[in-house]
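Residues per chain are reported as follows:
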Amino acid sequence: AADALDHYAQIEARRYIVQENGDLVLRLGLTGPLPDETKRRLWRAALPWISGADYPPRQGALFDVLAGLTGDGNATVGGCLIVRKGDDWRVTREFAAVRDAKTPTTALWDGRWRLDGPHDPALEVRALGEAVSQCPDWRSTGLPRTSLISTPAIWRGDTCVAAPLAGFSNGWVAQIVADFHEHAFAH
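None of the values given here were measured: they were computed from a predicted structure.

Considerations on empty space enclosed by the protein
Thought 1: Counted under the stated rule, the structure contains 1 cavity of 30 Å³ or more.
Thought 2: The computed volume of the largest cavity comes to approximately 70 Å³.
Thought 3: Gly22, Asp23, Trp113, Ser147 and Thr151 are, among the 13 residues lining the largest cavity, the residues nearest its centre.
Thought 4: Classifying every residue of the lining of the largest cavity by side-chain character gives 3 nonpolar, 6 polar and 4 charged.

Rendered as structure tokens:
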């Protein structure tokens, strides 16, 4: 029965969840046509994919957060930031969860991102953070600022030298290593 429910949820994920770079946009509405169990499974797949956690947050914690989001609002759970706007729910990486994460440019960052560009041992990958304000074209990316601050950027000491997802590529490309729809329901 669990396999059948997961199979149905995977089909519905393709209809109701859009992957936008490192974010997921769940177009579930508040009461929508999906059964509650399917919605629960979609959330249980989305949150660990964003956070990289082995398990989703406790069901009670998740539904307490979702119930508290009235109108347009934000909440955090399990290393994820959930932003509600109308009937859409954007799930992005919480900045506090990646604020101190750093890796060499040749390693995966935050377990999800591979960066390709002019690698140099003096460079490292860290979250973009407030350096988003140094990216003049960030608004044209279509991603909200709350999403961009948690995306990977290339740093040389205290200087941001590239932020590919914020429109400041400087020869760098950032790619998600595992597509949500291909991996979220894999056992």
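Read on, since the account is not over.
So, helix α3 (residues 59-68)
Thought 1: Every buried residue of α3 is listed here: Leu62, Val65 and Leu66. An end-on view of α3 places all buried positions within 95° of arc, on one side of the element. Facing away from the buried side of α3 by more than 90 degrees, the exposed set consists of Asp64, Ala67 and Gly68.
Thought 2: In the core, the buried residues of α3 are packed alongside α2 (36-51), β3 (73-77), β4 (80-85) and β5 (88-93).

A few points about the pattern of salt bridges
Thought 1: This structure, assessed with the given rule, holds 11 salt bridges.
Thought 2: A salt bridge links aspartate 6 to arginine 41; the shortest N-O distance between them is 2.5 Å. Within this pair, whereas aspartate 6 is found in helix α1 (residues 2-16), its partner arginine 41 is found in helix α2, the two being separated by 35 residues in sequence. Of the two residues examined, aspartate 6 and arginine 41, each falls in the buried class.
Thought 3: The residue arginine 40 makes a salt bridge to glutamate 37 at a minimum N-O spacing of 2.6 Å. Of this pair, arginine 40 and glutamate 37 both sit in helix α2, 3 residues apart, roughly one helical turn.
Thought 4: Classification of arginine 40 by relative accessible area gives buried; the value is 15%.
Thought 5: Note on glutamate 37: relative accessible area 28%, which makes it partly exposed.
Thought 6: The network of salt bridges with common partners includes Asp6, Glu37, Arg40 and Arg41.

The rules we used
- Residues numbered from 1 in each chain as written.
- Predicted model: local features only at pLDDT ≥ 70, side-chain atom pairs only at ≥ 80, totals over all residues.
- Heavy atoms only, no water.
- 1 Å grid on protein atoms, 1.4 Å probe; cavity = no way out; pocket = protein on both sides within 12 Å on 5 of 7 lines; lining within 4 Å.
- Points joined across faces, edges and corners; volume = space filled by probe spheres on them.
- Nonpolar A, V, L, I, M, F, W, Y, C, P; charged D, E, K, R; others polar.
- Buried < 20%, exposed > 50% of the residue type's maximum accessible area, 1.4 Å probe, protein only.
- Helix = DSSP H or I, 4+ residues; strand = E, 2+ residues; numbered from the N terminus.
- Arc of directions from axis to C-beta.
- Contact = heavy atoms within 4.5 Å.
- Salt bridge = Lys/Arg side-chain N within 4 Å of Asp/Glu carboxyl O.

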